[in-house]
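Inside the fold
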Amino acid sequence: MNYNIDKNGFYGDFGGAFIPEMLHQNINELKKNYKKITSDKKFQSEFTKLLHDYVGRPTPLYFAERLSEKYKTKIYLKREDLCHTGAHKINNTIGQILLAKELGKTRIIAETGAGQHGVATATVCALMGLKCVIYMGEVDIVRQSPNVARMKMLGAEVKPAKSGSKTLKDATNEAIRDWINNPMDTHYIIGSVVGPHPYPDMVARFQSVISKEVKEQLFEFEKTKNPDYVIACVGGGSNAAGIYYEYLNNKKVKIIAVEAAGFGVNSGKSAATSQLGKEGIIHGSKTLLMQTNDGQITEPYSISAGLDYPGVGPMHAHLFKSERAEFISITDDEAMTAGLELSQLEGIIPAIETAHAFAIFEYKKFKPEEILVFNLSGRGDKDLDTFIKYFKL
Ligand SMILES: *Cc1c(COP(=O)(O)O)cnc(C)c1O
């Protein structure tokens, strides 16, 4: 079995481009050009230089000694929290802004939930001097106000999405509507491995720098490029795709995907898509999707806004169905406890999204000689208010 995308834009049964006719031109333009442009020498050298000088790559691979001692196994952390703007999202926005410039686009739109992707997009638009419009649910604008201020400070216009639950899914709908109305001058920067083909593959390729670095860095420590496990939290699945990418077809490396169970998988307030989802289409892609029996999308819930999405990227739907990856669901409480533990054992305050990945030790035991690499997708500064309220700090 192949775990990369096929020539029709599918991962097994999942993916494709299920889009309204009005978007055909934009999507075809991308499909025709993305590999050619991004594999060009000049593009690669500009991308690599910005990742190095501006984002701060390579990010360290850090051996977490006290955490390893506690769980009696070898734990390494890939420090994406040290990227400029505080998470892995900027790897993708740097790549896409360079692509947009190559395509002659002058205006950028994006959707955002917690605001992390909005900030990463506003940042690269400032860097390149392009006009930037960010769609964000009205509810999220209220609960993530520091990130709204950041986007405005960076020169972006933040437009509220007022339909539906007024969160990420609705912001995505608004961004798609904008793109339909502005097909010529606008590029839509999607923030995860979701959306119509070629977005999932394009975003995965930009994020694959994470596992490319891991291979070299792990060799320095362990004289092997292959850990026993790569582990990441999955919202749409871009940080996970980044750390899995180089290992997808290497079965010696096991893959663990960690989803948000919210109050519990069967509580009615959850975002554990692999457990609750059925095959369906969301935002242009066939994937696993939380829905009612007659196909209405179910509202997801997680304490972390970045995992609060009713679908999952088609790569991950395929990894789940083919059993290439093991999926584990973690509740709000388990994630918060794991976040506190990482802070106090290693001096690293993770994003709440990331904290979910560190709660797997309740469910899975590892051998002392096994090597685990966690993608530490982002830092917890943005979540301090939530931590303060939860732990009454
Ligand atoms: C956005 C975000 C996520 C979830 O998005 P993916 O596309 O699944 O990676 C996870 N961690 C952090 C820190 C984020 O900002």
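We now turn to the structure provided with this report. No experiment lies behind these values; they were computed from the predicted model shown. (Residues numbered from 1 in each chain as written. Predicted model: local features only at pLDDT ≥ 70, side-chain atom pairs only at ≥ 80, totals over all residues. Heavy atoms only, no water.)

As a further point, take the overall build of the protein chain. When helices and strands are counted, the protein chain shows 16 helices and 14 strands. Expected size for 393 residues packed as a compact globule is a radius of gyration near 21 Å; at 19 Å, the protein chain falls within 12% of this value. Based on the C-alpha atoms only, the size of the protein chain along its principal axes is roughly 55 × 45 × 45 Å. Within the protein chain, counting contacts between residues at least 6 apart in sequence, those at least 24 apart form 73% of the total. Accessible surface, the protein chain as shown: approximately 15,900 Å² in total, 52% of it carbon and sulfur. Each charge class in the protein chain was averaged separately, 48 positive and 46 negative side chains, and the resulting centres sit 3 Å apart. (Helix = DSSP H or I, 4+ residues; strand = E, 2+ residues; numbered from the N terminus. Rg over C-alpha atoms; globule rule 2.2 N^0.38 Å. Contact = heavy atoms within 4.5 Å. Areas by Shrake-Rupley, 256 points an atom, 1.4 Å probe, with all protein chains shown as cover. Lys, Arg positive; Asp, Glu negative; His and termini not counted. Charge placed at Lys NZ, Arg CZ, Asp CG, Glu CD.)

Right, let's get into helix α5 (residues 116–128). Between its first and last C-alpha, α5 extends 19 Å over 13 residues, near the 18 Å set by a 1.5 Å rise per residue. Most of α5 is tucked away: eleven of the 13 residues are buried. All buried positions along α5 are accounted for by Q116, H117, G118, V119, A120, T121, A122, T123, V124, C125 and M128. Buried residues along α5 sit in contact with α2 (41–55), α4 (89–102), β5 (107–112), β6 (131–137) and α7 (145–153). (Expected span 1.5 Å × (residues − 1). Buried < 20%, exposed > 50% of the residue type's maximum accessible area, 1.4 Å probe, protein only.)

A surface patch of nonpolar side chains, amounting to about 280 Å² of accessible area, comprises L384, I388 and L393. Mapped onto the fold, L384 is located in helix α16 (residues 384–391). According to the relative accessible area criterion, L384 is partly exposed, its value standing at 40%. (Patch = residues over 30% accessible without salt bridge, like charges linked within 9 Å, V, L, I, M, F, W, Y side chains within 5 Å. Salt bridge = Lys/Arg side-chain N within 4 Å of Asp/Glu carboxyl O.)

Turning next to unusual backbone geometry. Residue R57 is joined to P58 through a cis peptide bond whose omega torsion reads -5°. Tracing the backbone through its elements, the reader meets P58 in the loop between α2 and β3 (61–63). Here the bond from H197 into P198 is cis, since omega is 15°, no more than 30 degrees from zero. By the secondary structure assignment, P198 is in the loop between β8 (186–188) and α9 (199–207). Phi is positive for E323, which is not a glycine, with a value near 65°. The topology assignment puts E323 in the loop between α13 (314–321) and β13 (325–331).

A few words on the sheet that holds β5. Taken in spatial order, the four strands line up as β7-β6-β5-β8 in an open sheet, and their pairing is parallel. Edge positions in the sheet fall to β7 (157–161) and β8, since each of these pairs with one other strand and no more. Strand-to-strand, the axes of this sheet are offset by a mean angle of 25°, without reference to chain direction. In this sheet, β7 lies alongside β6 in parallel orientation, the contact comprising five bridges. Note that in β7 the partner of G137 across the bridge is A161. (Pairing = 2+ DSSP bridges. Axes fitted to C-alpha atoms, helices over the stretch in contact; angles between N-to-C directions.)

What follows covers the packing of aromatic side chains. Within this structure, the stated rule accounts for 18 aromatic pairs. Pairing F361 with F374 gives two aromatic rings, centres 5.9 Å apart and planes at 40°, and the pair type is tilted. Of this pair, F361 sits in the loop between α15 (352–357) and β14 (371–375) while F374 is found in strand β14, placing the two residues 13 residues apart along the sequence. With a relative accessible area of 4%, F361 lands in the buried category. With a relative accessible area of 0%, F374 lands in the buried category. Three or more aromatic residues joined by ring pairs form one cluster here, namely Y71, Y229, F358, F361, F366 and F374. (Phe/Tyr/Trp six-rings, centres within 6.5 Å; stacked < 30°, edge-to-face > 60°.)

Residue placement: K78 occurs in strand β4 (residues 74–78). Reaching out from K78, the side chain makes a polar contact with the backbone oxygen of T59 at a distance of 2.7 Å. Residues within four places of K78 in sequence aside, it is in contact with R57, T59, P60, L61, I210, E213, V214, Q217, I243, F374, N375 and L376. (Polar contact = N/O pair within 3.5 Å; in protein donor to acceptor, adjacent residues only side chain to side chain.)

Let us look at the site of the ligand. Near the ligand lie 18 residues; those nearest to it are K89, S192, G235, G237 and S238. At 2.8 Å, a side-chain N or O of N239 approaches an oxygen atom of the ligand. S377 places a polar side-chain atom, nitrogen or oxygen, 2.8 Å from a nitrogen atom of the ligand. In isolation the ligand offers 380 Å² of accessible surface; the protein chains occlude 96% of this area. Secondary-structure elements contributing two or more residues to the shell around the ligand are α11 (238–244) and α15. A per-class count over the shell around the ligand returns four nonpolar, twelve polar and two charged. (Near = heavy atom within 4 Å. Nonpolar A, V, L, I, M, F, W, Y, C, P; charged D, E, K, R; others polar.)

As paired strands, strand β11 (residues 278–282) and strand β12 (residues 285–289) are joined by five bridges and run antiparallel to one another. Its bridge partner lying in β12, G280 is registered against T287. Following β11, the chain reverses through two residues before pairing antiparallel with β12; H283 in that reversal takes a positive phi of roughly 45°.

This part is about the pattern of salt bridges. Where charged atoms from two side chains of opposite charge approach closely, those side chains can pair. Scanning the model with the defined rule gives 24 salt bridges in all. A salt bridge links K321 to E279; the nearest nitrogen and oxygen atoms lie 3.1 Å apart. Pair noted here: K321 is in helix α13 and E279 is in strand β11, with a separation of 42 residues, a long-range link. A residue is classified by how much of its surface remains accessible, and K321, at 46% relative accessible area, is partly exposed.

Attention shifts here to the sheet that holds β4. Read from one edge of the open sheet, six strands run β3-β4-β14-β9-β10-β13, paired in mixed fashion. The open sheet has two edge strands with one neighbour each: β3 and β13. Adjacent strand axes in the sheet meet at a mean angle of 25° when their direction is disregarded. Judged from the seven bridges that link them, strand β10 (residues 254–262) and β13 form a sheet pairing that is parallel. Residue pairing across strands places A260 opposite I330, the latter belonging to β13. Each of β3, β4 and β14 is contacted by helix α10 (residues 209–222), which is oriented at about 140° to β4, the strand it contacts most.

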